[in-house]
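# Survey of secondary and tertiary structure
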Amino acid sequence: MRRKRGYLIRIIVAASVILASFAVVLILGRSQKEAGQYLQAEELPALLQFTYYTQEQWETQLEEICQGRISYRELELLLEKLGVEEHVAYRKRMGFFSVEREAFWEVYDQVVDLLDVEGRVSLEQRIFIHREEDGAWITQKGRETLAPGVEEQVQSLAMWQVYEIDGAVAALRAPAAEEISWENVFVHEAGKGSADILFANSRIALEIPELTEDVADTICDVVWKDGAITAIYKKPDTIQGNVLSYNDREIEIEGYGILEHVENLPVYKSYGTLEELDLNGVTIGNLTAEFVVAGREVCGIVLREPASVEQIRVLLLNGESPYREEVYVTAREAFTVTWQGQQQTLEAGALVRAADYLTEPGGGYLELATPEEEGCLYLADSSGQLLSLGYHGTMEIRRYDQGCCVVNALSLEDYLTAVVPSEMPASYEREALRTQAVCARSYACIQLGQNEYAGFAANVDDTTNYQVYNKQERDERTTLAVQDTVGEVVLYQGEPAETYYYSTSCGFSQSRDVWELAENQDYGYLASVSLLTGEQPELTGEEAFASFIQDTSAAAYDSDGALYRWRAQLDLPGHQEAVNGAIAARREISESQVQIFDREGKPAQMSLADLGKIETLTVEERSSGGCLKKVRLGYEKGSVLLSTEYTIRRVVGEAVTSLTDRQGQPVENFPILPSAAFIVLPVEQGHVLYGGGYGHGIGMSQNGANGMAKAGFTYRDILQTFYQNITIENIYGRN
């Protein structure tokens, strides 16, 4: 009997193995036949990121629930975790069965209806046009990175219905059957069955068998169906003009006023190298562009030639604000007032109140101009009393909800005649003034391309945020320096250089590393340069630098400057509140420039109040030109490491009780230290600093330029001394 039972068991086991093997074969066969039919666990985090957890958190949460294919039992657990198991209806199957995609989408749609209270999920259509080398896809929406699990399912020139979460593709739902329009595409060349297209900064070659009409360098809409292009529609309506202002919804075009524009307005550059830019690539007031429009909406911009840099638009600040409650303007000669297509001429001395013309925000702008080239407009008060120096060019006033803004539009060269005397004394040597003129022009060219005031129809403002403008009377000598160098700029590697300048050196200019620019090759022209006229000292080590910086007789091209040498007395404990306030302010701007350490010297998340009283100030690192790169403030319970010259000057300057110049004369009203080229000596009453120079120390010393001019250097010599490996060329193409 035992023998028969053993035999029967062997038969049952053998049958089980056969059945199991058959099942494995069947399952493997189905899995190969139906690849992609079932939802995978790796796809869920992207799909569920609109619920209680982020995508990264869902990856951790789902490790305990499912891996590989999602089974019906795992689906039940997921719905329980979401708290919606009682509210979602679906056809239940045995727990070990895998969930087919179509079945999951029916469940997912119900989950979205229940939990997507912010409307983050939507069902959209996508054309997957081209895969980039880095794995990103070009779709009709632009450049997109696909979620895990989606990448494997996509092929080029495929059309899908997709689930979008926060604008990004989270999953493919089903092939798209309807036509899809690919809008505002720049077609470089199209004809005879093929097209060369620029979109999302990618050049794409496409076959279009039905295309017979040639299309070149214009913006089109391209229609797709069943994974192929069925039509290209060239947008026929274009206008030309200068961009005066823009924001994320509207663009102001000279001669056409304010128009709405499409989201992510494309800008295509067709001259030189073919490129796609964003709106920041459109230079305000200096670039005649072609605008493709549909009704009153701008669909795209084509730049067919480079920007001119002959004009500049200056926002006249009201203190630190761009807004003014009231604006009054007058002139000493007859002037014109233009608004909403109307123009009137007013006699000399007439007073214009902007609010009389601009009754509502957004109603265009008021333009004032004098017919004479040398004529001036003046800001005034309600009685006609002048509040400013005269402004050349035109004055534009726009009204916003917050108040009126004033923009002075004039030629770049005329602008410089009001910058140079504001930045350098007109009494300086002619070659020094010429040097300043070239620096100011180079700096302005950089600023023209930044478009930080695009919303106000301006390129720059009139303060030290850019360059000080029209704060001193124009002077014949500074005007002549501008005219002598008309159009000349400093170029580094073919591009305008940011020609930084400051008042006075310590005997050496500073390299770019004091601003933590050492790794940025765009600033390779900013190196430390000696301005000393006699023996060149060795500055290696604190002892050598201390000897040099305390030597008031060390002759340099700018050693006659009052702050070529200076002395400061510090009381750190007595000014701790102000010092800690400055530290907190700088840390908010850049945490890398303010690092907090505990007693053991380890990085710590401590508040400044927890550190106790300030006790010491020590030098940690100095540049080759003598400027401090790092200093450490020692506290009772830790320390604070300060980096970069400005942060050091700003924080330590809060503890200054007295400051004297090279002659021992007191210097008043210095909110920060004159420079970061100093040594620290502990004394009984606190600390004493011996320093040299006035300003950040990078680029050109203005007093040094004047000293070099006195010694016979030309402005070109001076520029090539302070800025390394540069060329001086004319932006207007003149010799």
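Reading guide: rules and limits
- Residues numbered from 1 in each chain as written.
- Predicted model: local features only at pLDDT ≥ 70, side-chain atom pairs only at ≥ 80, totals over all residues.
- Heavy atoms only, no water.
- Helix = DSSP H or I, 4+ residues; strand = E, 2+ residues; numbered from the N terminus.
- Buried < 20%, exposed > 50% of the residue type's maximum accessible area, 1.4 Å probe, protein only.
- Areas by Shrake-Rupley, 256 points an atom, 1.4 Å probe, with all protein chains shown as cover.
- Expected span 1.5 Å × (residues − 1).
- Contact = heavy atoms within 4.5 Å.
- 1 Å grid on protein atoms, 1.4 Å probe; cavity = no way out; pocket = protein on both sides within 12 Å on 5 of 7 lines; lining within 4 Å.
- Points joined across faces, edges and corners; volume = space filled by probe spheres on them.
- Nonpolar A, V, L, I, M, F, W, Y, C, P; charged D, E, K, R; others polar.
- Pairing = 2+ DSSP bridges.
- Axes fitted to C-alpha atoms, helices over the stretch in contact; angles between N-to-C directions.
- Polar contact = N/O pair within 3.5 Å; in protein donor to acceptor, adjacent residues only side chain to side chain.
- Lys, Arg positive; Asp, Glu negative; His and termini not counted.
- Salt bridge = Lys/Arg side-chain N within 4 Å of Asp/Glu carboxyl O.
- Phe/Tyr/Trp six-rings, centres within 6.5 Å; stacked < 30°, edge-to-face > 60°.
- Lys NZ or Arg CZ within 6 Å of the ring centre and 35° of its normal.
- pLDDT = per-residue confidence, 0-100.

## Comments concerning the overall build of the protein
Within the protein, the secondary structure is distributed over 13 helices and 40 strands. Taken along the three principal axes of its C-alpha coordinates, the protein extends 120 × 70 × 50 Å. In the protein, which comprises 735 residues, the proportion classed as buried is 52%. Here the protein has roughly 35,700 Å² of accessible surface; of this, 46% comes from carbon and sulfur atoms.

## Focus: helix α6 (residues 412-423)
Over its twelve residues, α6 extends 16 Å from the first C-alpha to the last, a length consistent with the 16 Å expected when each residue adds 1.5 Å. The buried count for α6 comes to eleven of twelve residues, which makes it a mostly enclosed element. Of all the residues in α6, the buried ones are Leu412, Glu413, Asp414, Tyr415, Leu416, Thr417, Ala418, Val419, Val420, Pro421 and Ser422. At its buried positions, α6 is contacted by β18 (311-315), β26 (403-411), α7 (430-448), β27 (460-461) and α8 (476-484).

## Considering empty space enclosed by the protein
Applying the stated criterion across every chain yields a total of two cavities of 30 Å³ or more. As a volume, the largest cavity reaches approximately 70 Å³. For the largest cavity, the lining is made up of 14 residues, of which Gln510, Ser675, Ala677, Gly695 and Gly697 are closest to its centre. The residue inventory of the lining of the largest cavity, partitioned by class, reads five nonpolar, nine polar and no charged. Computed from the structure, the second largest cavity encloses a volume of approximately 40 Å³. What lines the second largest cavity is simply Leu48, Leu75, Leu78, Leu79, Leu82, Phe104, Val107, Tyr108 and Val111. Residue assignment for the lining of the second largest cavity shows that the elements contributing at least two residues are α4 (72-82) and α5 (101-115).

## Comments concerning the pairing of strand β40 (residues 727-730)
The side chains of a regular strand alternate, first on one face of the sheet and then on the other. Side chains of β40 alternate between two faces, with Ile728 and Asn730 buried and Thr727 and Glu729 left unburied. Note that strand β28 (residues 488-492) and β40 share four bridges and pair antiparallel. In the sheet register, Leu491 faces β40, and the bridge partner there is Thr727.

## Overview of α7
Here α7 contains 19 residues, and its C-alpha end-to-end distance of 27 Å stays within 8% of the 27 Å for a straight helix at 1.5 Å per residue. The buried fraction of α7 is high, at 18 of 19 residues.

## A closer look at the sheet that holds strand β32 (residues 594-598)
Strand order in the open sheet formed by four strands is β32-β35-β34-β33, and the pairing between neighbours is antiparallel. Looking at strand neighbours, the two that pair on one side only are β32 and β33 (614-622), the edges of this open sheet. Between one strand axis and the next, the sheet turns by 20° as a mean value, whatever way the strands run. Against the sheet, helix α11 (residues 645-652) contacts β32, β33, β34 (628-635) and β35 (638-643), and its axis sits at roughly 35° relative to β34.

## Considering the sheet that holds β28
Taken in spatial order, the three strands make up an open sheet running β29-β28-β40, and their pairing is antiparallel. Strands with a single pairing partner mark the edges of an open sheet, and in this sheet they are β29 (495-496) and β40. As defined by bridge partners, β28 adjoins β29 across two bridges and the pair is classed as antiparallel. When the sheet's bridge partners are listed, Tyr492 is paired in β29 with Glu495.

## Examining the environment of Thr644
Among the secondary structure elements, Thr644 is positioned in the loop between β35 and α11. For Thr644, a relative accessible area of 6% translates into the label buried. In contact with Thr644, not counting residues within four places along its chain, are Val514, Glu516, Gln593 and Lys629. Only 3.3 Å separates the side chain of Thr644 from the side chain of Thr647, close enough to count as a polar contact.

## Examining the side chain of Glu276
For Glu276, the location among the structural elements is in strand β15 (residues 275-277). Within the buried core, Glu276 has no salt-bridge partner, and the shortest N-O distance to an opposite charge, that of Arg143, equals 10 Å. From its side chain, Glu276 meets the backbone nitrogen of Ala200 in a polar contact 2.6 Å long. Polar side-chain contacts of Glu276 include one of 2.9 Å to the backbone nitrogen of Asn201. The contact partners of Glu276, leaving out residues within four places of it in the chain, are Leu198, Phe199, Ala200, Asn201, Pro266, Val267 and Tyr268.

## Overview of the packing of aromatic side chains
Applying the stated rule across the entire model yields 31 aromatic pairs. Ring geometry for Trp339 against Tyr357: centres 4.7 Å apart, planes inclined by 80°, an arrangement best described as edge-to-face. Taken together, the positions of Trp339 in strand β20 (residues 335-339) and Tyr357 in the loop between β22 (352-353) and β23 (365-369) put the pair 18 residues apart, joining distant regions of the chain. The exposure classification of Trp339 matches that of Tyr357, with both residues buried. With 6.1 Å between their ring centres and 70° between their planes, Tyr453 and Phe456 make a pair best called edge-to-face. Like Tyr453, the residue Phe456 is buried in the burial classification. By the ring-pair criterion, three or more aromatic residues cluster together here, those being Tyr443, Tyr492, Tyr500, Trp515, Tyr523, Tyr525 and Tyr723. Residue placement shows Arg398 over the ring face of Tyr365; its charged tip is 4.3 Å from the ring centre. Here the basic side chain of Arg565 rests over the ring of Tyr564, its NZ or CZ set 4.2 Å away from the ring centre.

## Brief notes about the confidence of the model for the protein
The predicted model of the protein averages 89 in pLDDT, with 94% of residues at 70 or higher. Within the model, the stretch residues 7-35 combines pLDDT values under 50 with two contacts to residues more than four positions away or in other chains.

## Quick look at the pattern of salt bridges
Under the defined criterion, the tally for this structure stands at 32 salt bridges. Two residues, Glu620 and Arg632, come together in a salt bridge whose shortest N-O distance is 3.2 Å. With Glu620 in strand β33 and Arg632 in strand β34, this pair connects stretches of sequence that are twelve residues apart. On the basis of relative accessibility, which here comes to 40%, the residue Glu620 falls in the partly exposed class. One continuous salt-bridge network, built from bridges that share partners, spans Glu252, Arg313, Glu396 and Arg398.

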